[in-house]
Amino acid sequence: MVRIVAVCGAGRGSSFACQMAIEQAMQALGVNVKVSHTDTSTISAIINDADIVVSGKNYQKLMEKKNLPKPVVFLDRLVDKAEITEKLTPILKEMGELK
């Protein structure tokens, strides 16, 4: 099971919407995932509970400063399932979750 965390500023609205879009995109790929959401302040404390982090492009500079030890994907559109699939597929292949 792949653990993915969606991150936004407050950890409520947009990260929750992103979580739902990630779940749908991963289901379409047949990837077993557990997706959660959080805010930019909390991600460092829970990074060990994640395999992949997904956030909006608008948080890229802030997230890069955190030097997270997991792959971080930045989306232009948080609920765009095609973009989510496109950007997560190479990471999932590298992890051996997709062929």
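Computed from a predicted model, the values in this text were never measured in an experiment. (Residues numbered from 1 in each chain as written. Predicted model: local features only at pLDDT ≥ 70, side-chain atom pairs only at ≥ 80, totals over all residues. Heavy atoms only, no water.)

Draft legend 1. Up close: unusual backbone geometry. Positive phi outside glycine occurs at asparagine 67, with the angle close to 50°. Here asparagine 67 shows up in the loop between helix 3 (60-65) and strand 4 (72-75). For asparagine 67, a relative accessible area of 63% corresponds to the exposed category. (Helix = DSSP H or I, 4+ residues; strand = E, 2+ residues; numbered from the N terminus. Buried < 20%, exposed > 50% of the residue type's maximum accessible area, 1.4 Å probe, protein only.)

Draft legend 2. Representation of the side chain of glutamine 19. Inspection of the secondary structure assignment puts glutamine 19 in helix 1 (residues 13-29). A polar side-chain atom of glutamine 19 sits 2.5 Å from a polar atom in the side chain of histidine 37. Aside from chain neighbours lying at most four places away, what touches glutamine 19 is Ala6, Val35, Ser36 and His37. (Polar contact = N/O pair within 3.5 Å; in protein donor to acceptor, adjacent residues only side chain to side chain. Contact = heavy atoms within 4.5 Å.)

Draft legend 3. Spatial organisation of the sheet that holds strand 2 (residues 33-39). Pairing within the open sheet is parallel, and its 4 strands lie in the order 2-1-3-4. Looking at the sheet topology across the chains shown, the edges are occupied by strand 2 and strand 4. Across this sheet, the average inter-strand angle for adjacent strands is 25°, counted without regard to direction. Note: strand 3 (residues 52-56) against strand 4, 4 bridges, orientation parallel. Looking at strand 4, one finds that valine 53 is bridged to valine 72. Relative to strand 4, helix 4 (residues 81-95) is tilted by about 165°, and along the sheet it contacts strand 1 (2-8), strand 3 and strand 4. (Pairing = 2+ DSSP bridges. Axes fitted to C-alpha atoms, helices over the stretch in contact; angles between N-to-C directions.)

Draft legend 4. Focus on the pattern of salt bridges. In the structure shown here, the tally under the stated rule is 4 salt bridges. With a shortest N-O distance of 2.8 Å, arginine 77 and aspartate 80 are connected by a salt bridge. Since its relative accessible area comes to 45%, arginine 77 is described here as partly exposed. Linking lysine 87 and glutamate 83 is a salt bridge whose minimum nitrogen-to-oxygen distance equals 2.8 Å. Of this pair, lysine 87 and glutamate 83 both sit in helix 4, 4 residues apart, which is roughly one turn of that helix. Here the residues in one salt-bridge network are Arg77, Asp80, Glu83 and Lys87, joined through shared partners. (Salt bridge = Lys/Arg side-chain N within 4 Å of Asp/Glu carboxyl O.)

Draft legend 5. Examining the packing of helix 1 against helix 4 more closely. Where helix 1 contacts helix 4, the axes come no closer than 9 Å and their chain directions differ by 60°. Between helix 1 and helix 4, the angle is such that the two are oblique. Of the two possible hands of crossing, helix 1 and helix 4 adopt the one that is right-handed. Between helix 1, through Ala21, Ile22, Gln24, Ala25, Met26 and Leu29, and helix 4, the contact on the second element is made entirely by Lys81, Ile84, Thr85, Leu88, Thr89 and Leu92. (Parallel < 35°, antiparallel > 145°, perpendicular 65-115°, else oblique. Left-handed = near helix turned anticlockwise from the far one by under 90°.)

Draft legend 6. Seen up close, helix 4. In this model helix 4 runs 20 Å from its N-terminal to its C-terminal C-alpha over 15 residues, within 8% of the 21 Å that 1.5 Å per residue would give. Leucine 88 marks where helix 4 bends most, by close to 35°; the proline proline 90 follows one to four residues later. Among the residues of helix 4, those classed as buried are Glu83, Ile84, Leu88, Thr89, Ile91 and Leu92. Close packing links the buried residues of helix 4 with strand 1, helix 1, strand 3 and strand 4. With a side-chain oxygen lying 3.0 Å from the backbone nitrogen of alanine 82, the N-terminal cap of helix 4 falls on aspartate 80. (Expected span 1.5 Å × (residues − 1). Bend = angle between axes of the 7 residues up to and from the residue.)

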